[in-house]
Structures are given as structure tokens and as C-alpha cells.
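# A structural walkthrough
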Amino acid sequence: MKRNAKVNKLVGPKFKEIRKKKHVSLKELAQKTGVTSTSALSRWERGEACRNFR
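Read on for a plain summary of the structure. Residue numbering note: each chain is counted from 1, following its sequence as written. Only residues with pLDDT of 70 or above have their local features reported here, since the model is predicted, and side-chain atom pairs are shown and tallied only from 80 upward, although totals for entire chains, interfaces and linings are computed over all residues. The basis for the side-chain values is all heavy atoms of the structure; hydrogens and waters are excluded.

## Some thoughts on the nonpolar core
Basically, it comes down to this: Buried residues of nine kinds, namely Ala, Val, Leu, Ile, Met, Phe, Trp, Tyr and Cys, make up a nonpolar core once their side-chain atoms join them within 4.5 Å. Three labels apply to residues, based on accessible area from a 1.4 Å probe with only protein chains included: buried if under 20% of the type maximum, exposed if over 50%, partly exposed otherwise in between. The numbering of helices and of strands both runs from the N terminus, where a helix is a DSSP run of H or I of at least 4 residues and a strand a run of E of at least 2. By definition, residues are in contact when any of their heavy atoms lie within 4.5 Å.
Among the nonpolar cores identified, the biggest contains six residues, and these are V24, L29, A30, V35, L41 and W44. Counting residues per element, the ones that place at least two in this core are α2 (26-33) and α3 (38-45). Dropping the residues within four chain positions of it, L41 is found in contact with L26, L29, A30 and V35.

Written as C-alpha cells, this is what we have:
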């Protein structure tokens, strides 16, 4: 497994945990962050993908 994939698997679930504790839906988070796809956010949370922030 590549390093990025390992990081995605660690960070994604933590990201979801924090979102749930704050009682924020995927739709609300998408609106607040400017991400147009809730499915993309969901994939990030599952560790299947990760946005490359630069």
C-alpha cells in the first residue's frame, strides 16, 4: 500500500468522526467548504480518495 493510501485510511475516518461530533451533514460540509460533491466528501471519509491541497 502506498504512503498516500495509508494516510487516507487514517485521516478519512478521523475526519468523519469530527464531522459527526459537530453534527454537520455531508451536505452542510460541502456547502461550507465549497466542495460541490457530497460523494467526494464521502469517499474522502472512507479513505478511498483524498484531495490534493496545494
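The rest of the description comes next.
## Here we look at the environment of W44
Position of W44 relative to the elements: it lies in helix α3. A sequence separation of 36 residues divides W44 from N8, and the C-alpha atoms of the two residues are 7.3 Å apart.

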